[in-house]
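Analysis of the macromolecular model
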Amino acid sequence: MKKITVYFALLFLLLSSLRLPVAAQSKNSVLIKNATVMTAVKGTLESTDILVENGKITKIGKGLAAPAGANVIDATGKYVTPGIIDCHSHSMLDAINEGAFSVTSMTRTRDMLNPTDITIYRALAGGVTSANLLHGSANSIGGQNTTVKFKWGHPVEDYPIADAPPGIKFAMGENVRQTTQAPQPGRPLRYPRTRQGTIQTMRDAFVRARDYKQSWDDFKAGKTKVQPRTDLELQPLVEVLEGKRLVHCHGYRSDEHLNLMLLADEFGFKIATLQHGLEAYKIAPEIAKRGTGVSIFTDSWGYKLEAYDAIPYNAYILWKNGVNVSINSDSDERMRRLNLDAAKVEKYGGVPEQDALQMITLNPAKQLGIDKRTGSIEIGKDGDLVVWSDHPFSVFSRVETTLIEGEVYFDRKKDGQLRLDMAKERETLEKLDVNKAPATGGGPPRIPATTRQAERDDAEYGDGGHR
Amino acid sequence: MKAKVKSQRAKLKMQNAKCFLYLCLSVLICGSISVHAQNDGAEQNKTGRAGTFAIVGARIVTVSGATIENGTVVIKDGKIAAVGAGVAVPAGAEKIDGKGLSVFPGMIDASTNMGLAEITLGLAASVDLTEVGDMNADARAIKGIHPHSAHVNVTRVNGITTVLSAPTGGTISGQAAIINLNGSTPDEMAVIKDFGLVINFPSVAGGGGRGGGGGGRFGGPAIDFNQAVQRRDQAVEDLKKIFRNAEAYLRAKAAYARDKALPYPATDQKLEAMAPYIHGEKPIIFSAERERDIRAVAKFVGEMKVKGIIDGGQEAWKAADDLKKNNIPVVYTHIYSLPVREDDAYDYLFEAPSKMQAAGVKFCISTGNTGSEVRDLPYHAGIAGAFGLSKDDALKSVTLYAAEILGLGDKMGSIDVGKIANIVVADGNILESRTKIKYLFINGRLLPLTSRHTELFDSFKDRK
């Protein structure tokens, strides 16, 4: 028993060493010097400095003076972009799907955040600073999302962006129908099982939400005397009806997404984003007309039937129609290379460089309602910045430093030191009696499981593209 | 009417099982029709045209030698007929202006399941990856590859011209084929019909073949490490037994051939299929990831005197000594994978190719993808290039190195006279994701740059 305690204490030490932030300077100023700055709004500026003070970008120009005590980063020969924003992620989530009901709008990803998830650090090493942490796609109306900044090493309360508008996940298609999963013996099939049933489930929820809202409106107007019961399922949907909550709807087939937009028309609200929307190019004019955004994979396709009509020209066609397009990962793996996914948009159709860059920075910021504070390099915005060794659209490029609000959360040089320290620590731990192999004393060591992974959105397992 | 229904019902009851089977079959068939219907017409005139071609005034990245800044490549009879700065254009050759363009050898992905699965999730009718049973040496990928899969064109228009396509599952999965991504029949595509035997080598930590059993996951009881090693060793013994059985079987056959008085040994197709593999005539592709598992493969290869290739190879660099001693190259498939352990460095798997290079392990880089994402092969190599591998070696890792590991070093993988004319002409470095492919040749045939994707694009791009 004592040995086990020691073992766990050591394990905890090892894990907590992982959690240490790379640099813990708080609100000090940072001066990035002599970079090629890709602003994402005002073109690319050569040999330019960026000053961040108290977390905000205060100056952009040439030959800026470093305030006393400023952290100066020499970016000569390097590129700087805004921090990447992933508009569809399940990182940090210890549970993703509450799929027992068709409508689970009462659930919140906010309650499931795990700030020690190593995928956060790996995402930072790929230049990602913000993400939309969504409920899974197991049901037509899923849970409430959380828009976070990846403040690795900070307590969990620091992650959610306080002034980000609330949102909710909807889903349509194969995952909701559960037809890609083998039916479990003894378990009844869950409604809906078809696309007709899916849209009807959504309609039913909004009819109930409308009635619920009416009951409260009547009560508030003094028409009724008895206060209606609070309904945590319908309350978020009332917020949708009132335009106070963003709808992010997972779906593939264009006809299905169009049905959703028609339903929203009928109930008088707007869909914020069509998530995945791999066939959105087929209904680009309809999407553009409604000002709905689309958050896609650049070129993932064919992993299921409803992804068989996906084309890498999707972003281009939507962009040409004036639709706000973002490129997301929906994968802890893919998240690390969203810069290359944006680059592909130049290849397929020829979206200009800055517009392609916006698809992983400013556009997702707009879709999530956080564009006032992040998504581009402009004075007054948060100092969410990435320093790249080369042009960020080059496969040979590497992230050197990632900053959020002027604080360094990833630095390749410091990472090198960290891994040396960890190797040393591992060596020390392995020498301890308690960790010796059974034949030479000590208890049998547990066989390491793969990694303690956040739960996956099972139905989305193939989306990362690797087997 | 009622009677008819009744009689049908009676019939149904009688043949309940049979009808259920038909029902299953019809569901399967309908599923596959819906996919193939979408493919219809897509294959017309897609195999390109042969001829004599001269790419003139281009930058020629030969891969095997120095890059020629302004040269000509002549393609004739399916082969590269001439390469160089001062090469004359043969009479009657079709001239292609290469100004501002670069010529590369077609890329080669040495670990895919191309053509064996169209849609893996939720459409079992389109999946031919895994046979029933643990030992299927006689299962041949070339007999399952669908030449009209939409993945073929999607992959080749990104500059990948040749792939190895392997069956999966069990311990001995079957035999992998090497195909060019052009042709109306599997035989037209084939470069080597039966290239290698695929074995999921028993591992200690579970996953991949039999006998693993790490335990502790999925609610199973955690087991002692030594016990896990024992289980693996037992599984390896079982595997060796299959090899010995094959050997005994072949000896019996040979003995009978010499002396007809001996009892005739009944034919065993599965053991028969092992023949080229048990003495190292053809390679065996072993999937293995962790250092201890890779060392176990090396030991097996040494003891059994077979020819081995590692597929996967996350920690192959750690076992460099064993791999070199036993002449085992690595087909590395983990650029697009997350590091397994929480405390692995973030770039643990990005750096592996450069570590293999430094340790002198022969390797190539592969997507390890089923089919739809094989076209990302150049970016896998590119990312390795960002993490320690030189740009030249990054390019070689998806061209010449892959060709050499597949025993095709004298036939493809570089721009050299006499090699198969699998050639890509692009407006930049083919490893870069912004680069556009301008011309594509496979077996010297000039191919249209069309795919399921360009066809859908054309259908919808102007919709108002």
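My aim in this report is to walk through the structure given alongside it, one point at a time. (Residues numbered from 1 in each chain as written. Chains lettered and ligands numbered in written order. Predicted model: local features only at pLDDT ≥ 70, side-chain atom pairs only at ≥ 80, totals over all residues. Heavy atoms only, no water.)

1. Section: the pattern of salt bridges
The condition is simple: For this document, the term salt bridge refers to a Lys or Arg side-chain nitrogen within 4 Å of an Asp or Glu carboxyl oxygen. Each residue's exposure class comes from its accessible area (1.4 Å probe, protein chains only) as a fraction of the maximum for that residue type: buried when under 20%, exposed when over 50%, partly exposed otherwise. Secondary structure elements are taken from DSSP: a helix is a run of H or I of four residues or more, a strand is a run of E of two residues or more, and numbering for both begins at the N terminus.
The full count for this structure, using the stated rule, is 70 salt bridges over all chains. Here K282 of chain A and E279 of chain A are joined by a salt bridge, their closest N and O atoms 3.4 Å apart. Accessibility assignment for this pair places K282 of chain A and E279 of chain A in one class, buried. Between K325 of chain B and D322 of chain B there is a salt bridge, and its shortest N-O distance comes to 4.0 Å. Of this pair, K325 of chain B and D322 of chain B are both found in helix α9 (residues 320–325), three residues apart, which corresponds to roughly one turn of the helix. For D322 of chain B, a relative accessible area of 17% puts it in the buried group. Connected via shared salt-bridge partners are K56, K149, K151, D163, R373, D382, D384 and E405 of chain A.

2. So, the packing of helix α4 (residues 195–220) of chain A against helix α6 (residues 254–267) of chain A
Residues and elements named next belong to chain A. Inclusion rule: A fitted line through C-alpha atoms serves as each axis, taken over the contacting stretch for helices, and the angle formed by two N-to-C directions is quoted from 0 to 180°. Any angle that falls under 35 degrees is termed roughly parallel, while one over 145 is termed roughly antiparallel, one within 65 to 115 roughly perpendicular, and all others oblique. Should the near helix be turned anticlockwise from the far one by less than a right angle, the crossing is termed left-handed; should it be turned clockwise, right-handed. Whether two residues touch is decided by their heavy atoms; if any such pair falls within 4.5 Å, the residues are in contact. Under the grouping applied here, Gly and all other residues not named as nonpolar or charged are polar, the nonpolar ones being Ala, Val, Leu, Ile, Met, Phe, Trp, Tyr, Cys and Pro and the charged ones Asp, Glu, Lys and Arg.
Close contact between α4 and α6 brings their axes to 11 Å; oriented N to C, the two are set at 20°. Taken together, the axis directions place α4 and α6 in an arrangement best described as roughly parallel. Here the hand of the crossing between α4 and α6 comes out right-handed. Residues R195, I199, M202, R203, F206, V207 and R210 of α4 form the contact with α6, whose own contacting residues are E256, N259, L260, L263, E266 and F267. Tallied by class, the residues present in the contact of α4 with α6 amount to seven nonpolar, one polar and five charged.

3. Examining the sheet that holds strand β9 (residues 190–200) of chain B
Residue and element names in this part refer to chain B. To keep things clear, this is the line we draw: Any two strands with at least two DSSP bridges between them are considered paired.
The sheet built from eight strands is open, its strands ordered β6-β7-β8-β9-β10-β11-β12-β13 with mixed pairing. The open sheet has two edge strands with one neighbour each: β6 (107–112) and β13 (363–365). When the angles between neighbouring strand axes are averaged without regard to direction, this sheet yields 25°. Judged from the three bridges that link them, strand β11 (residues 307–312) and strand β12 (residues 330–332) form a sheet pairing that is parallel. Directly across from G312, in β12, lies its bridge partner Y332.

4. Here's the deal with empty space enclosed by the protein
What counts, and what does not: Of the grid points, spaced at 1 Å and generated over the protein atoms alone, those admitting a 1.4 Å probe that cannot get out make up cavities, while open sets with protein on both sides within 12 Å along at least five of seven lines make up pockets; any residue with an atom within 4 Å of a point is treated as lining. Grid points are joined across faces, edges and corners, and a volume is the space filled by probe spheres set on the points.
One pass over the full model with this rule turns up seven cavities of 30 Å³ or more. Space inside the largest cavity adds up to approximately 190 Å³. Of all elements in the fold, only α9 (338–347) of chain A together with α11 (377–386) of chain B reach the threshold of two or more residues within the lining of the largest cavity. Looking at the lining of the largest cavity, its residues break down into ten nonpolar, four polar and four charged.

5. Quick notes on the nonpolar core
How we decide: Residues enter a nonpolar core if they are buried and are Ala, Val, Leu, Ile, Met, Phe, Trp, Tyr or Cys, with the set joined through side-chain atoms within 4.5 Å. Note that the domain bounds reflect an automated or database-derived domain assignment.
Core analysis: the largest hydrophobic core is formed by 171 residues, its most contacted members being F150, F170 and F206 of chain A together with F243 of chain B. Counting contributing residues, this core receives three or more from each of domain 1 (41–105 + 414–464) and domain 2 (107–412) of chain B. Each residue touching F150 of chain A, except ones within four places of it in the same chain, is listed here: S91, M92, I120, A123, L124, V128, T129, A131, Y159, M335, I404 and Y409 of chain A. The next biggest cluster of nonpolar side chains, apart from the first, holds 20 residues, and it includes I108, L164, I309 and L408 of chain B.

6. Re the packing of aromatic side chains
Residues and elements named next belong to chain A. This is how it is decided: Here is the rule: rings of Phe, Tyr and Trp (six-membered ring for Trp) pair when centre to centre is within 6.5 Å. Planes less than 30 degrees apart are stacked, more than 60 are edge-to-face, and the remainder are tilted.
In the structure shown here, the tally under the stated rule is 25 aromatic pairs over all chains. For the ring pair W216 and F219, a centre distance of 6.0 Å and an interplane angle of 90° mean the geometry is edge-to-face. Placement of both W216 and F219 in helix α4 is noted, with a separation of three residues, approximately one turn of the helix. You can call W216 buried: its relative accessible area is 16%. With centroids separated by 6.1 Å and ring planes inclined at 75°, the aromatic side chains of Y252 and Y303 adopt a geometry described as edge-to-face. Linking Y252 in the loop between β11 (246–251) and α6 with Y303 in the loop between β13 (293–296) and α8 (314–320), this pair joins segments that are 51 residues apart in sequence. Overall, the relative accessible area of 7% leaves Y303 in the buried class.

7. Details of unusual backbone geometry
Of note, the amide linkage connecting Y191 of chain A to P192 of chain A takes the cis form, showing an omega dihedral of 0°. Position of P192 of chain A among the secondary structure elements: in the loop between α3 (174–177) and α4. At V63 of chain B, a residue that is not glycine, the phi angle is positive and equals roughly 75°. Checked against the element boundaries, V63 of chain B lands in the loop between β1 (53–60) and β2 (68–76). One non-glycine residue, D77 of chain B, lies in the positive phi region at around 50°.

8. A few points about the pairing of strand β17 (residues 407–411) of chain A
Residue and element names in this part refer to chain A. Of all five residues in β17, five are buried; the element is thus mostly enclosed. Summarising the sheet, strand β16 (residues 399–404) and β17 pair through four bridges and their orientation is antiparallel. The partner of T401 across the bridge, within β17, is D411. Between the antiparallel neighbours β16 and β17 lie two residues, among them E405 with a positive phi of about 50°.

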